[in-house]
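# Residue-level structural notes
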Amino acid sequence: MSARTTRRAPLLGVTVTLALLAVAGCSGTPSGTASSGSSSGASSSAAADHLTATDPWIKAAESGMTATFAVLHNDGDQDVTVVGATSDLSPVELHEMATDDSGAMVMRQKEGGLTIPAGGEHALEPGGDHLMLMELSAPVQAGAEYDVTLELSDGSTLVVTAPARTFAGAKESYDDGHGEGHDMSHDG
């Protein structure tokens, strides 16, 4: 499933955020799609014009933490970087899985954002890079759809509509630890 895009004007300022808004199935964008937008004042090509998302989804969760996944595709000739994160449901962080000095897998904030190479793709997936919803203020229910607005380093945005679904995966637990560099728990 691929995503469609339109343009949005770049935002001014250094602080760039990722807005994740719960829509509970009433989005104007079809499920599993993405769009970007711009006002008519933009004169150059925005990074969001070259970025699409396929197979976006959010892991259903009653409380605690959860994550959002997708494959981000960049059809442009310059790298595109997703930076920062916020959400109506919870604080959001850009996360990665890495091996610490002791050889243990840890989940931690990804420094420098998520870069999608020119002409390439970047997977957000369980056990890898992902968007982490840190402390849910409401349940993320399977079957409901949630709009995720990715904000890029140039200030342009990409809206992705992601359905929530149940996923057992590698028995990852997003409920243990709430800090940078915390151990990733496994239930099995």
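Heads up: the structure comes first, above all this text.
Notes on the structure in this doc start here. What you see is a predicted model; the values in this text were computed from it and never measured.

Attention now moves to the packing of aromatic side chains. Overall, the coordinates contain 2 aromatic pairs when judged by the stated rule. When the centroid spacing of 4.5 Å and the interplanar angle of 40° are considered together, the rings of Trp 57 and Phe 69 count as tilted. Taken together, the residues span a long stretch of sequence, with Trp 57 in strand β3 (residues 51-59) and Phe 69 in strand β4 (residues 66-74) at a distance of 12 residues. According to the relative accessible area criterion, Trp 57 is buried, its value standing at 5%. Taking the relative accessible area as the measure of exposure, Phe 69 reaches 1% and is therefore buried. Feature note: the residues Trp 57, Phe 69 and Phe 167 constitute an aromatic cluster, connected by ring pairs. The side chain of Arg 165 reaches across the aromatic face of Trp 57, ending 4.0 Å from its centre.

Our next topic: the pairing of strand β10 (residues 130-133). Neither face of β10 is exposed, since His 130 and Met 132 on one face and Leu 131 and Leu 133 on the opposite face are all buried. As judged from the 3 bridges shared by β4 and β10, these two strands associate in the antiparallel manner. Across the sheet, the residue bridging to Thr 68 is Leu 131, located in β10. Sheet topology note: the strand β6 (residues 92-99)/β10 ladder contains 4 bridges and is antiparallel. Bridge pairing links Leu 94 to Leu 131 in β10.

Inspection of the secondary structure assignment puts His 130 in strand β10. We classify His 130 as buried; its relative accessible area is 1%. Polar contacts involving the side chain of His 130 include one to the main-chain carbonyl oxygen of Gly 128, which spans 2.7 Å. Leaving out residues up to four positions away in the same chain, His 130 has contacts with Ala 67, Thr 68, Phe 69, Glu 93, Leu 94, His 95, Met 107, Leu 124 and Glu 125.

A few words on the pairing of β4. When you tally the buried positions in β4, you get 7 out of 9 residues, the bulk of the element. Pairing analysis gives 6 bridges linking β3 to β4, with the strands arranged antiparallel. Each bridged residue has a counterpart across the sheet, and for Thr 52 the counterpart in β4 is His 73. Between β3 and β4, which pair antiparallel one after the other, the connecting turn spans 6 residues, and Gly 64 there sits at a positive phi close to 80°. Across 4 bridges, β4 lies against strand β9 (residues 121-124) in antiparallel orientation. Residue pairing across strands places Val 71 opposite Ala 123, the latter belonging to β9.

Calculation notes
- Residues numbered from 1 in each chain as written.
- Predicted model: local features only at pLDDT ≥ 70, side-chain atom pairs only at ≥ 80, totals over all residues.
- Heavy atoms only, no water.
- Phe/Tyr/Trp six-rings, centres within 6.5 Å; stacked < 30°, edge-to-face > 60°.
- Helix = DSSP H or I, 4+ residues; strand = E, 2+ residues; numbered from the N terminus.
- Buried < 20%, exposed > 50% of the residue type's maximum accessible area, 1.4 Å probe, protein only.
- Lys NZ or Arg CZ within 6 Å of the ring centre and 35° of its normal.
- Pairing = 2+ DSSP bridges.
- Polar contact = N/O pair within 3.5 Å; in protein donor to acceptor, adjacent residues only side chain to side chain.
- Contact = heavy atoms within 4.5 Å.

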